[in-house]
Amino acid sequence: MHQLVQSIALMAALAAVCAGLWQDWALLTTLKKALLAYLGIFGLSGVMVLAIRLVPILEKPEPPLETAARSGPKDR
């Protein structure tokens, strides 16, 4: 999962660098925007991964089935 998050963040940084080259930004501006894109996507993806992993922990457990009632006829 970590490699997927890092790959997505690197793609965002690459998109920022490509936009900087296309729009003829200064080098420092391009690097700042690429760094912000990388850190922003990496942080948001990390939060989403934590949320996905916490869902099973926070779910309400199902009540146990009553097997004694279904096992057979009761003695009267």
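That block above? That's the structure.
Residues numbered from 1 in each chain as written. Predicted model: local features only at pLDDT ≥ 70, side-chain atom pairs only at ≥ 80, totals over all residues. Heavy atoms only, no water.

A. The overall build of the protein chain, seen in detail. Helix and strand counts for the protein chain stand at three helices and zero strands. Walking the protein chain from its N terminus toward its C terminus, one meets helices and strands in the order α-α-α. When the 76 residues of the protein chain are sorted by exposure, 14% land in the buried category. Here the protein chain displays about 6,900 Å² of accessible surface, and carbon together with sulfur accounts for 68% of that area. (Helix = DSSP H or I, 4+ residues; strand = E, 2+ residues; numbered from the N terminus. Buried < 20%, exposed > 50% of the residue type's maximum accessible area, 1.4 Å probe, protein only. Areas by Shrake-Rupley, 256 points an atom, 1.4 Å probe, with all protein chains shown as cover.)

B. View of the nonpolar core. If you look at the biggest cluster of nonpolar residues, it comprises five residues: Ala9, Ala13, Ala16, Ala34 and Tyr38. When residues of this core are traced back to their parent elements, those giving at least two are helix H1 (2-22) and helix H2 (27-58). Examining the composition of this core, we find that three residues originate from one element, H1, more than from any other. (Core = buried A, V, L, I, M, F, W, Y, C linked by side-chain atoms within 4.5 Å.)

C. Main features of H2. Here H2 is 32 residues long and its end C-alpha atoms lie 46 Å apart, about the 46 Å a rise of 1.5 Å per residue gives. Elements that come into contact with the buried residues of H2 comprise H1. (Expected span 1.5 Å × (residues − 1). Contact = heavy atoms within 4.5 Å.)

D. Local environment of unusual backbone geometry. Of note in this structure, Asp24 is not a glycine but carries a positive phi near 60°. Of note, Asp24 is situated in the loop between H1 and H2.

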